[in-house]
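Okay, here's what each chain looks like letter by letter:
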Amino acid sequence: MKVMLVNGSSREHGCTARALEEVAKALQAEGIETETLFIGNQPILDCNACGQCRKTGGDCVHQDIASEIGRRAAEFDGFIFGSPVYYAHPSGRLLSFMDRAFYANGANFRYKPAAAVLSARRAGNTASLDVIMKHFTINEMPVVSSTYWNHVHGNTPAEVEQDLEGLQTMTNLGKNMAWLLKCIQLGKENNVCPPVNRKVYTNFIR
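Small disclaimer: the values here were computed from a predicted structure and weren't measured. (Residues numbered from 1 in each chain as written. Predicted model: local features only at pLDDT ≥ 70, side-chain atom pairs only at ≥ 80, totals over all residues. Heavy atoms only, no water.)

A. The packing of aromatic side chains, seen in detail. Following the criterion strictly, the structure yields 9 aromatic pairs and no others. Ring plane angle 20° and centroid distance 6.3 Å describe the contact between Phe-79 and Phe-81, whose orientation is recorded as stacked. Assigned by exposure class, Phe-79 and Phe-81 land together as buried. Between Phe-81 and Phe-109, the aromatic rings sit 6.5 Å apart at their centres with planes inclined by 45°, giving tilted as the arrangement. Of this pair, Phe-81 sits in strand β3 (residues 78-86) while Phe-109 sits in the loop between α4 (92-105) and β5 (114-120), and the two are 28 residues apart along the sequence. For Phe-81, a relative accessible area of 1% corresponds to the buried category. (Phe/Tyr/Trp six-rings, centres within 6.5 Å; stacked < 30°, edge-to-face > 60°. Buried < 20%, exposed > 50% of the residue type's maximum accessible area, 1.4 Å probe, protein only. Helix = DSSP H or I, 4+ residues; strand = E, 2+ residues; numbered from the N terminus.)

Written out as structure tokens, the structure reads:
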């Protein structure tokens, strides 16, 4: 089993990376393989609603880190998306990345456990968690929780080290995800399969 950890910060080795590192350590201690991917600090194009991915089976017209990781998501069993808090919301770069990856390659994420991790100097964490987790809940992904909301406080990685509760929350998150992944694996081995759900679209303006 393997978990992808996505660093949506513009700083590869900043506070978000420190939080993700703690989650990864807990996963590895439970025998789960991890890979941390940094989406970079260059702008990522947002979805322009061209519909190309629907015609090509998931091949986005923009070929960049979002389309690459969207395709690679098929290799993974679980996901952690990390972001700093900017103006009480996640990194715009991460949201553009997630919008496109999930829209074009949703099947590669569906039914796989996921969690969001935030780092903030002071506030805006829970609002940012809500924004990221909406990608999971519309795509039938089990949301992994911890013993507190998944965030750490600090303006530098050294300050994050002082947030003992935040780091413990990251450890517990990793342990909970490992437990859920193992339960899902046992289910597969005993022919417990995900449901096949129908979608009905209702437009309110006629």
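Back to the text.
B. How the structure looks around helix α5 (residues 125-137). Along its 13 residues, α5 runs 18 Å from first to last C-alpha, staying within 8% of the 18 Å computed at 1.5 Å per residue. Considered for burial, the residues of α5 that qualify are Asn-125, Ser-128, Leu-129, Ile-132, His-135 and Phe-136. Considering only its buried residues, α5 is in contact with β3, β4 (89-90), α4, β5 and β6 (151-153). (Expected span 1.5 Å × (residues − 1). Contact = heavy atoms within 4.5 Å.)

C. Quick peek at α4. An ideal rise of 1.5 Å per residue puts 20 Å on 14 residues; α4 measures up with 20 Å between its terminal C-alpha atoms. Counting buried positions over the 14 residues of α4 gives 11, a clear majority of the element. Buried residues of α4: Arg-93, Leu-94, Leu-95, Ser-96, Phe-97, Met-98, Arg-100, Ala-101, Phe-102, Ala-104 and Asn-105, and no others. Among the structural elements, β1 (2-7), α2 (52-56), α3 (65-72), β3, β4 and α5 are those in contact with the buried residues of α4. Its side-chain oxygen placed 3.1 Å from the backbone nitrogen of Arg-93, Ser-91 serves as the N-cap of α4. (Polar contact = N/O pair within 3.5 Å; in protein donor to acceptor, adjacent residues only side chain to side chain.)

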